[in-house]
Amino acid sequence: MAHISASVYTSHIPAVGAAIDLGKTGEPYWQPVFKGYDFSKQWMKDKKPDVIFLVYNDHATAFSLDLIPTFAIGTAAEYQPADEGWGPRPVPKVIGHPQLAAHIAQSVIQDDFDLTIVNKMDVDHGMTVPLSLMCGQPQAWPCPIVPFAVNVVQYPVPSGRRCYMLGKAIRKAIETYEEPLNVHIWGTGGMSHQLQGPRAGLINREWDNAFLDQLINDPDALSKKPHLDYVREAGSEGIELVMWLIARGAMSDAKPTVAHRFYHVPASNTAVGHLILENN
Amino acid sequence: MAHISASVYTSHIPAVGAAIDLGKTGEPYWQPVFKGYDFSKQWMKDKKPDVIFLVYNDHATAFSLDLIPTFAIGTAAEYQPADEGWGPRPVPKVIGHPQLAAHIAQSVIQDDFDLTIVNKMDVDHGMTVPLSLMCGQPQAWPCPIVPFAVNVVQYPVPSGRRCYMLGKAIRKAIETYEEPLNVHIWGTGGMSHQLQGPRAGLINREWDNAFLDQLINDPDALSKKPHLDYVREAGSEGIELVMWLIARGAMSDAKPTVAHRFYHVPASNTAVGHLILENN
Amino acid sequence: MSLDKPYKDIPGTTIFDADMSRQGYHLNQFCMSLMKAENRTRFKANERAYLDEWPMSEEQKQAVLDRDLNRCIALGGNIYFLAKIGATDGKSFQQMAGSMTGMTEEQYREMMVKGGRSIEGNRYTGEKK
Amino acid sequence: MSLDKPYKDIPGTTIFDADMSRQGYHLNQFCMSLMKAENRTRFKANERAYLDEWPMSEEQKQAVLDRDLNRCIALGGNIYFLAKIGATDGKSFQQMAGSMTGMTEEQYREMMVKGGRSIEGNRYTGEKK
Ligand SMILES: [Fe+3]
Ligand SMILES: [Fe+3]
């Protein structure tokens, strides 16, 4: 049977992708950001997964206002990096895992999660920047990926609790997949940031670190945090953090091992947060 | 506050639309079908709603295999009748109710139903045939409509229980909408029919009538019927009947008044079922 | 496949699940394309050439050319998609459904008028009729 | 409007809810169109003419021409959509975000390097800073 061995959490800032693509990672501004992922790149080689279940949000790229799915799972064979307005990022295409994805879709829909199944979409920085941070600049990503997109653009977004419970349903689905796959689940987005209006540039270091602590130690309580707290305390785009609860919900009930923890301010407008948790 | 005063249930057979559009309703084959809706047309005039919340399924029209939402709510200003392969039906366009639709979407997403919000789609016979049956051939449909599309094309479709609970969440949403709108909710599709394979033409009159009885008298128990029973007993396309449970779940807990009940075999490949229930 | 398929024991019935959907993806998307009048015209003008624009299997293409809907369904087609071929041909849903049963159009229509195919003997594969 | 909006008391922040989405529909869909290189070229060649192809309000068009992102947001724009205008202009997300704060680009960058805007005094409208 397949199983989830670890979860990875990371911000997915577009400027980080640009810094990588333009060869600026050695600049003094960027050095401390990328240093936080040195461990992670090695860890990815050491603990190479068979499949990554990658939770992210689309930033008005694949989904316009014509159609806004709350939860969308990709069951396609492959996905192209999107042109977000400055041309597609020069990164490998994403290879899907249609069979595992379809299995998970079937299982969680029967568990009362009302997914949208997607067979054609481009993927934006929400997915490709975490891949670059964790894998560097390879010719191909190290394994197939199941994309899972969450609406955090138009309010109301799904609650933290809903995300956490969905994670549990995903775990159950993966654990009933026949092939013995080693699956990593990633939650991306966040941490505190606000990209709009006179309050743009908001960072809440204390809140972010409390979030990381609670994500590790008491995710069940964390999952009950209302939306409004995220927006007020972590900025209008800090709401992306609800996605981390999907990955955390998919971990086993035993306390995980914290393989890596990193926090840095700033990257562009955003606080960078990053965690690697291993299942016990 | 808005309220739901009645629910309407009806099959949505494409051949019925063709019979209307081609002026064949007086033919001996079709007469008994349309006779069953004479009461309903008068009832629609007498009990004219301000808005219809119309639950139907898309038949590979607005949604291809590229994207399959389990539940999709239309929040657009209007919707055009679709070209399903023989040109669009000559019927009025559907006028939406964006504000009520957005209110319902917000409310039920916060109640953990993971809707897809749709601002652009054409509507097929699943919506326009029930409108023709209930309203005849007017220049414009009698009121705005909130379209609600359910996936019953690709397995797994949402369970009857999930649909029934969604109906309850829709009721709560409508009852918290400030304007004093009189809302009807319609469930369409079914009854027993199978359009594919060597078993095509299946009809199960006894099962259909038991379904109608239980829908009226004990919807809670009915909602627990598993998918497999629908497919085995009412045919592969009989599964559309789960949509009736959304409309029934939206009714108040008091026993409804059966204003009208009709059953006829056949229309094309299908058993025609039709109910009008008034809230008490 | 590791998906649980409790619906495999229903006779003469194919459930369009994720596996069938994957297998039939291009076949069904070809069908969708027939919702545009100009595509219907192009298809009718040269069916083979139009089909060759799609990455469908040769078997799928042949099944479409033969209008063998049972074969199309076995190869991943879904009836709501396949209906677009019927619409293009000017066939009714009843003609399409009937074509899959081994009955003549007249026989099928007659069966429906008389109340349709009975459920008795049609619940489980191998059941005594 | 009958939607409950508990988020109205957060200073300098607009929540993109269904009402804003409805108001900004065409503005945001115009932004989406800039994801295609040929549309970016056409927009840059004649902004006004390109905008006139969209059923946006005159106010929305003017706000785009002025690159007044706060105004765009007040008129229903969402930052993830508006970012496509910035990308077309070759602006970074930091330049875009900074432009809404009344600070110069240098001041905003400086604030971020120093740890960003403090949450203190920025939780509730009317709160003492
Ligand atoms: Fe993001
Ligand atoms: Fe139908």
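Residue positions are given per chain, counted from 1 along the sequence in the order it is written. Chains and ligands are labelled sequentially in the order written, the chains with letters from A and the ligands with numbers from 1. Side-chain atom pairs in this predicted model are given and counted only at pLDDT of 80 or more, local residue features only at pLDDT of at least 70, and totals for whole chains, interfaces and linings cover all residues. Excluding hydrogens and water, the side-chain figures rest on all heavy atoms present in the structure.

Visitor: Sorry, what's going on with helix α3 (residues 37–45) of chain C here?
Guide: An α-helical segment advances 3.6 residues per turn. Residues three or four places apart therefore align on the same side. Residues and elements named next belong to chain C. Of the positions making up α3, those classed as buried are N39, R40 and F43. What you see down the axis of α3 is that its buried residues fit within an arc of 105 degrees, all on one side. Residues of α3 that are exposed and point more than 90 degrees away from the buried face comprise E38, T41 and A45. The contact criterion used is simple: two residues touch if any of their non-hydrogen atoms lie within 4.5 Å. Each helix is a run of H or I in the DSSP string that is no shorter than four residues. Each strand is a run of E no shorter than two, and both are numbered from the N terminus. Tucked into the core, α3 has its buried residues touching α2 (25–33), α4 (47–51), α5 (58–65) and α7 (79–89). Partly exposed describes any residue whose relative accessible area lies between the buried limit of under 20% and the exposed limit of over 50%, with all areas from a 1.4 Å probe on protein chains only and scaled to the type maximum. Summarising the geometry, the arc corresponds to the directions from the helix axis toward the C-beta atoms.

Visitor: Could you clarify how one ought to interpret the coordination of the iron ion (ligand 1) in this entry?
Guide: The reference angle at a metal is 109.5 degrees if four donors form a tetrahedron and 90 or 180 degrees if six donors form an octahedron. Residue and element names in this part refer to chain A. Around the iron ion (ligand 1), the protein contributes the donor atoms H12 (NE2), H59 (NE2), E240 (OE) and E240 (OE), at 2.0 to 2.7 Å from the metal centre. Taken together, the 4 donor atoms surrounding the iron ion (ligand 1) define angles of 53 to 151 degrees at the centre, an arrangement classified as irregular. Taken in sequence order, the residues that donate to the iron ion (ligand 1) follow the motif H-x46-H-x180-E. One end of the pair, H12, is in the loop between β1 (3–10) and α1 (14–21); the other, E240, is in the loop between α9 (227–234) and α10 (242–249), and 228 residues separate them in sequence. The burial state of H12 is the same as that of E240; both residues are buried. Ligating atoms shown are N, O and S within 2.8 Å of the metal, or 3.2 Å for Na, K and Ca, and water is not included, meaning a site may look less than complete. Here the metal geometry follows the donor angles, with tetrahedral for four donors whose angles all fall between 85 and 135 degrees, square planar for four and octahedral for six when opposite donors are more than 155 degrees apart and every other angle is between 65 and 115, and irregular for all the rest.

Visitor: Mind showing me how you'd approach the coordination of the iron ion (ligand 2) here?
Guide: All names here are of chain B. The coordination sphere of the iron ion (ligand 2) contains the protein donors H12 (NE2), H59 (NE2), E240 (OE) and E240 (OE), at a distance range of 2.0 to 2.7 Å. Sequence spacing of the donor residues for the iron ion (ligand 2), all on one chain, is H-x46-H-x180-E. Taken as a pair, H59 in the loop between β2 (51–56) and β3 (67–69) and E240 in the loop between α9 (227–234) and α10 (242–249) lie far apart in primary sequence, 181 residues in all. You'll find H59 and E240 in the same group, each marked buried.

Visitor: Any chance you could explain the confidence of the model for chain C here in plain terms?
Guide: For every residue, the pLDDT score states the predictor's confidence, bounded by 0 at the bottom and 100 at the top. This prediction gives chain C a mean pLDDT of 94; 96% of its residues lie at or above 70. The complex prediction reports pTM at 0.96, with the ipTM value standing at 0.95.

Visitor: Would you mind going over the environment of S252 of chain A with me for this structure?
Guide: Residues and elements named next belong to chain A. Relative to the elements of secondary structure, S252 occurs in the loop between α10 and β10 (257–267). Separated by 35 residues in the primary sequence, S252 and N217 have C-alpha atoms spaced 13 Å apart. Not counting chain neighbours up to four residues away, the residues in contact with S252 comprise R171, N279 and N280. In protein, a polar contact means a hydrogen-donor-capable atom and an acceptor-capable atom, both N or O and within 3.5 Å, with residues adjacent in sequence counting only if both atoms are side-chain atoms; elsewhere, any N or O pair within 3.5 Å suffices. Here N280 takes part through its backbone oxygen, which lies 3.2 Å from a polar atom of the side chain of S252.

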